[in-house]
Amino acid sequence: MNEERIYLPVSEAAAPLYLGIHFGSFNLKIGVIDSEGHTVSYFATPHNTAECGPDGAARNIAAAVRETLEKTGIGVKDITAAGISFPGSLDPRTEKLHRPPNFPDWLGYPLPAKLMEYTGLQSVLFCNNANAAAYGEFWIGAARDSQSVCLVLLDDGIGCGTIVEGREIKGANGFGGEFGHIIIDPSPGARWCNCLQQGHLEAYASATAVARRTREMLEVGLSTSLQDRIDKDTPLADIPKLVFDEADRGDALAMQIVLDTARFLGLGIVSLLHTLDPECVLLGGEMTFGIRHSGTGEMFLKRVREEIDQRALKDLTENLKLGFAKLGANAGFVGAAGLAREEALLLTVVE
Ligand SMILES: [Zn+2]
């Protein structure tokens, strides 16, 4: 179902206006954002790109952009800059997509250029979903008082968006946020990651890894209320939420799985701190164990912090802000617009 909302009348918005497009694995979200980060209008719809391919999807995005602008009562020329947040990376040399994990047939598609052609927008900045979400938090979310932030996203895989003084860290090949593939276990028996390497963080602390570890424990026959909630037909994607529910109800094994996940994650974040020295680290994504609104979420965060404090250099942890992301599913389009704004401001300074 399409979803449209007007948040702030254009007459009250702080000019100039920017456009943020979030192309998630399943949903398209578009927002017109003013220069202070307020959402002027918002449009969301599910997308199915399997049938139309990248060019059909780009044309659909363009049509949704036109519709959003029309309903907001503004024209394409009223948008100073636009950004698109996408679940994959762009080769910075060719401005064409690498092979996105969820959309392998998009390899080599020049998405930003095509969006400019189909929409008439003057510029479309590309950013991956993690960096866009991190910028959203940096601009108006949980990291708004920090100069640098790493947003760790716990989903099927583990991603990380990094913003330093308003700029995203992209890397030479556009893979600067592949935090899930740092090595936390170098032993020969280490778990296998989806990327076909061993010992990566993602193989221990992603939602998929939590589901697999839970299944292993149940197969051993350990006593837990999870035995009544999970059977061989339970989809892997449903298991982390069931683990959280049972941990919240006081099941010891479920809580152990949550705390083990926190320990693995803490190990990974130690390397992040030692490499990038961020002022703030936020946890986001689908799997945050009830975040701050539950005892389990608090214990999860506390255990991550303990691991960090035990293992990282003291100078890096004393003033470290560690917490949960705030904007949730809105961070992508707000952040994409924010990064486009940042780029536009930089270009103005250079000119
Ligand atoms: Zn890996």
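S.K.: What am I meant to see in the sheet that holds strand β11 (residues 167-168) here?
M.R.: Strands belonging to one sheet form pairs held by backbone hydrogen bonds; the direction of such a pair is parallel or antiparallel. Spatial strand order, β11-β10-β9-β12-β13: 5 strands in an open sheet with mixed pairing. Of all strands in the sheet, those bounded by a partner on one side alone are β11 and β13 (321-324). Sheet topology note: the strand β9 (residues 148-154)/strand β12 (residues 280-284) ladder contains 5 bridges and is parallel. Opposite Leu-153, over in β12, you have Gly-284 as the bridge partner.

S.K.: Any chance you could explain the packing of helix α5 (residues 207-220) against helix α7 (residues 239-248) here in plain terms?
M.R.: Helix packing for two helices is described by the angle between their axes and how far apart those axes are. Across the interface, α5 lies against α7 with an axial gap of 8 Å and an inter-helix angle of 65 degrees. By the criterion of interaxial angle, the relationship of α5 to α7 is roughly perpendicular. The two elements α5 and α7 cross, and the hand of that crossing is left-handed. Touching Ala-207, Val-210, Ala-211 and Thr-214 of α5 are Ile-239, Pro-240 and Val-243, all from α7. By residue class, the composition of the contact of α5 with α7 is 6 nonpolar, 1 polar and no charged.

S.K.: Got a minute to help me understand the pairing of β12 in this structure?
M.R.: Walk down a regular strand and you will see the side chains alternate between the two sheet faces. Counting buried residues along β12, 5 of its 5 residues qualify, which places the element largely inside the surrounding structure. The side-chain alternation of β12 yields two buried faces, one formed by Cys-280, Leu-282 and Gly-284 and the other by Val-281 and Leu-283. Where β12 and β13 come together, 4 bridges link them in parallel fashion. Note on β13: the bridge partner recorded for Leu-283 is Phe-324.

S.K.: Is there a simple way to explain α7 in this structure?
M.R.: Since the α-helix advances by 3.6 residues per turn, residues separated by three or four positions end up pointing in the same direction. Among the residues of α7, Ile-239, Pro-240, Val-243, Phe-244, Glu-246 and Ala-247 are the ones counted as buried. Turning to α7, the residues buried within the fold contact α5, α6 (226-229), α8 (252-276) and α9 (295-311).

S.K.: For this particular structure, what's the right way to read the domain arrangement of the protein?
M.R.: The extent of an interface is frequently quoted as the accessible surface area lost upon association of the parts. In terms of domains, the protein is made up of domain 1 (3-136 + 329-350) and domain 2 (145-326). One C-alpha centre belongs to domain 1, the other to domain 2; they are set 28 Å apart. Contacts between the two partners involve 15 residues from domain 1 and, on the opposite side, 17 residues from domain 2. Secondary structure elements with two or more residues in the side of domain 1 that touches domain 2: β6 (90-91), β8 (124-128), α3 (129-140) and α11 (331-350). By residue number, the principal contributor to the side of domain 1 that touches domain 2 is α3, which donates 5 residues. Its residues assigned to classes, the side of domain 1 that touches domain 2 shows 9 nonpolar, 4 polar and 2 charged.

S.K.: Would you mind going over unusual backbone geometry with me for this structure?
M.R.: Backbone geometry follows two general trends: most residues other than glycine have a negative phi, and most peptide bonds adopt the trans configuration. A cis geometry characterises the amide bond from Ala-15 onward to Pro-16, with omega recorded as 0 degrees. The topology assignment puts Pro-16 in the loop between β1 (3-6) and β2 (17-23). Within the chain, Glu-95 stands out as a residue other than glycine whose phi angle is a positive 60 degrees. Relative to the assigned elements, Glu-95 resides in the loop between β6 and β7 (96-97).

S.K.: What is the right way to look at the nonpolar core in this model?
M.R.: Core analysis: the biggest nonpolar cluster contains 101 residues, and Ile-21, Leu-151, Val-152, Val-258 and Leu-282 have the highest contact counts within it. When residues in this core are grouped by element, the largest group, 12 residues, is from α8.

S.K.: Please clarify how the environment of Val-243 should be interpreted in this entry.
M.R.: Its place among the elements puts Val-243 in helix α7. The exposure class assigned to Val-243 is buried, which follows from the 31 C-beta atoms found within 10 Å. Separated by 13 residues in the primary sequence, Val-243 and Ile-230 place their C-alpha atoms 9.4 Å from one another. Contact partners of Val-243, with chain neighbours within four places excluded, come to Val-210, Thr-214, Leu-226, Ala-254, Ile-257 and Val-258.

Cut-offs applied
Residues numbered from 1 in each chain as written. Predicted model: local features only at pLDDT ≥ 70, side-chain atom pairs only at ≥ 80, totals over all residues. Pairing = 2+ DSSP bridges. Helix = DSSP H or I, 4+ residues; strand = E, 2+ residues; numbered from the N terminus. Axes fitted to C-alpha atoms, helices over the stretch in contact; angles between N-to-C directions. Parallel < 35°, antiparallel > 145°, perpendicular 65-115°, else oblique. Left-handed = near helix turned anticlockwise from the far one by under 90°. Contact = placed C-beta atoms within 7 Å. Nonpolar A, V, L, I, M, F, W, Y, C, P; charged D, E, K, R; others polar. Buried ≥ 20, exposed ≤ 12 C-beta atoms within 10 Å, placed from the backbone. Domains from an automatic or database assignment. Core = buried A, V, L, I, M, F, W, Y, C linked by C-beta atoms within 7 Å.

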